[in-house]
Amino acid sequence: MAVHNADIAKVFEEIADLLEIQGENPFRIRAYRNASRLIEGLGVSIGEMIEKNEDLTELPGIGKDLAGKINEVVATGTCEALEKLRKQLPPTLTTLLRIPGLGPKRVQTLYRELDIGTPEQLYAAAHEGKISALPHFGEKIETTILQAMEKHVEKEARFKLATAAQYAEPLKSYLETIPGVNRVVIAGSYRRAKETVGDIDVLVTARRGSPVMDRFTEYDEVEQILSKGPTRSTVKLRCGLQVDLRFVPQASFGAALHYFTGSKAHNIAIRRLGQQKRLKINEYGVFRGTKRITGETEESVFRSVDLPFIPPEMRENRGEIEAARAGKLPRLVEIGDIRGDLHVHTNATDGHNTLKEMVEAAKMRGYEYVAITEHSRRVTVAKGLDPQRLRKQIDEIDRLNEKRLGITVLKGIEVDILEDGKLDLPDSVLSELDLVVCAVHSKFDLPKGRQTERVLRAMDNRYFTILAHPTGRLIQERGPLELDMLKVIRKARERGCFLELNAHPERLDLLDVYCQMARDEGVAVAVSTDAHSTRDYDYMKYGIGQARRGWLEAKDVLNTKGLADLERLLKAARGA
DNA sequence: GCCGTTTTCGGCCCGACTGTTTTCAGTCG
């Protein structure tokens, strides 16, 4: 069984947790955590890097020792260091860390003093009131633990970006109505357009004496106040989402925004640059000694370490600082660059609106073109089209285009890629279309070799235009296909066809790291909404967020092209 | 455990809030 990056990341995370409970050197622990984060967010498979004999110590934060351990994990699924730790401490101890209020020190105390190693033992001890007697514990902590365990509260519940937006945006509007409030910005991973967010970080500037903290904790949706202070408060909303509000002076706004936007790894890297210049960078500004020298804007913070402004979506310490220093930051694609949508359904299959409604709504958005791409017959639950029904729709679209609506309707299909790599409709009907969007909707669990072969074979079809939602993942629900994405992307380049970045908030597929890969290989990406109703066109903003996380510029995105250019590219994709 | 325009040793980002304390450890972001 192949070892994935996520598996290696997990091993290092567990080592870090166990070392922390043991009270090891915090910097050693950090080294494991940094490595874990790095590996998880890496676009390329570590396993493949090893196969190709690439030097792992080239990766930032990976030295000789960790490289050795990575090799060990890839070969055996685990490593000796971890197994040794697991013998010294009950491995279930790490699950206790997920309980709010419990960190490594308290978990260590629980284990040393009361021999507590499992959640069940912890619950029993808390119930008997044994915990409040321990040093640095008390009745309050005991109650918190009991309540958290009874409600099965965990620290790491994450929300899909679009779900979080449903709660964050009304909160923002509410805060803006509070007297004295100047600016309200949602920072954190939300601002970085990460596909899921763990909590919402809100930054507020207001004039002195504004009741912002009181009004915030009184907000109708607040279920519980977790902490409240003059500059920072944390609440939990009824939906379970945690919200942090920070109140900063106007003069610190830029430094605070930069700091609270993160990511953590990016911030640490920036601060380290500051240190090298004998500057201290915190959320209040940039300091030389005790003298505050700047920090009103984010630009001023970047300038203090000789960098240009780096867009929030890029701030993951994945090379953006080096790119900025070299003057090679991309000019990221913006929503206004988009000229049309290339993946749209109607009620002919599983969509909710008629063809005419979908086309009119696209026109209302100012689009130059829209491609209608229904499911093919194989997807019976969606009433997928057979050749006959598809031809009927083709005629319908031709008639619509004759009316000169001010938008061009492109004829397409979202055709299934069958298990053997054949397409679900015959070439004879595909040849009548402007574009053929191809997708895997079945047999998600094929082994990597066969899955990759399946997709590559499909791409051999001369009518193959765009690979829809390439990894097939559904965020937090279904993992990605086992697919050698580099091979797929290189094949697309060779064939002159394209990859989709499906903007649906449950998909956001192509993943950011693969967008970067596509860009590096020179393969254009279509950012499409997969709209099943007129409202779904809104998803484009999430697709753009993801595209920006993947460093895509307008020139890297297929549907920023004008109609004439697009049609030329679509024809060229047909091969000879 | 990693890393080097101050360095192969000695650093490693920085601050707010809570609860248990009576000056601060622990947790969190």
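The rules behind the values
- Residues numbered from 1 in each chain as written.
- Chains lettered and ligands numbered in written order.
- Predicted model: local features only at pLDDT ≥ 70, side-chain atom pairs only at ≥ 80, totals over all residues.
- Heavy atoms only, no water.
- Helix = DSSP H or I, 4+ residues; strand = E, 2+ residues; numbered from the N terminus.
- Polar contact = N/O pair within 3.5 Å; in protein donor to acceptor, adjacent residues only side chain to side chain.
- Salt bridge = Lys/Arg side-chain N within 4 Å of Asp/Glu carboxyl O.
- Near = heavy atom within 4 Å.
- Nonpolar A, V, L, I, M, F, W, Y, C, P; charged D, E, K, R; others polar.
- Axes fitted to C-alpha atoms, helices over the stretch in contact; angles between N-to-C directions.
- Parallel < 35°, antiparallel > 145°, perpendicular 65-115°, else oblique.
- Contact = heavy atoms within 4.5 Å.
- UniProt positions renumbered as here; feature names shortened; annotations may be inferred.
- Pairing = 2+ DSSP bridges.

Next up on the list: the environment of Glu374. Mapping Glu374 onto the fold places it in strand E12 (residues 369–375). There is a polar contact of 2.5 Å between the side chain of Glu374 and the side chain of Thr349.

With that settled, the discussion passes to the pattern of salt bridges. The final tally for this structure, using the stated rule, is 43 salt bridges. With a shortest N-O distance of 2.9 Å, Arg86 and Glu14 are connected by a salt bridge. Linking Arg86 in helix H5 (residues 80–88) with Glu14 in helix H1 (residues 5–22), this pair joins segments that are 72 residues apart in sequence. Among the ionic pairs, Arg318 bridges to Asp512, the shortest N-O distance being 3.0 Å. Note that Arg318 is positioned in the loop between helix H15 (298–304) and helix H16 (320–325) and Asp512 in helix H22 (residues 512–521), a separation of 194 residues in sequence.

This next bit is on the protein's contact with DNA strand B. As a structural note, the neighbourhood of DNA strand B is formed by 51 residues, with Arg30, Gly63, Gly138, Lys228 and Arg271 the closest of them. The share of sugar and phosphate among atoms of DNA strand B within 4 Å of the protein is 78%. Here a phosphate oxygen of DNA strand B sits 3.0 Å away from a polar atom, N or O, in the main chain of Arg106. Those elements giving two or more residues to the surface near DNA strand B turn out to be helix H2 (26–40), helix H4 (64–76), helix H7 (104–114), helix H9 (139–150), strand E5 (222–228), strand E7 (242–247), helix H14 (264–276) and strand E8 (280–282). At six residues, the largest contribution of residues to the surface near DNA strand B is made by H14. The residue makeup of the surface near DNA strand B, split by class, is 17 nonpolar, 14 polar and 20 charged.

Another point: the packing of helix H20 (residues 448–459) against helix H21 (residues 485–495). A pair of packed helices is characterised by two quantities: the angle between their axes and the separation of those axes. It is the contact of H20 with H21, at a shortest axis distance of 10 Å, that shows an interaxial angle of 10°. Judged by the inter-axis angle, H20 sits roughly parallel to H21. Together, Thr452, Val455, Leu456 and Met459 of H20 and Lys487, Val488, Lys491, Ala492 and Arg495 of H21 make up the contact between the two elements. Broken down by class, the residue content of the contact of H20 with H21 amounts to five nonpolar, one polar and three charged.

In the numbering adopted here, UniProt assigns the feature "domain: Polymerase/histidinol phosphatase N-terminal" (unreviewed entry) to residues 340–419. Each end of residues 340–419 is marked by a C-alpha atom, and these two atoms are 31 Å apart; helix forms 32% of the span and strand 26%.

A sheet is described by the order of its strands in space; here five strands give the open sequence E2-E4-E7-E6-E5, paired in mixed fashion. Two strands close off the open sheet at either side, each with one partner strand: strand E2 (181–186) and E5. Going across the sheet, the axis of each strand differs from the next one's by a mean of 20°, ignoring polarity. Pairing of strand E4 (residues 199–206) with E7 involves six bridges; the strand directions are parallel. Counterpart to Leu203 in the pairing with E7 is Arg246. With respect to the sheet, helix H10 (residues 161–176) is in contact with E2, E4, strand E6 (232–237) and E7, its orientation differing from that of E2 by roughly 170°.

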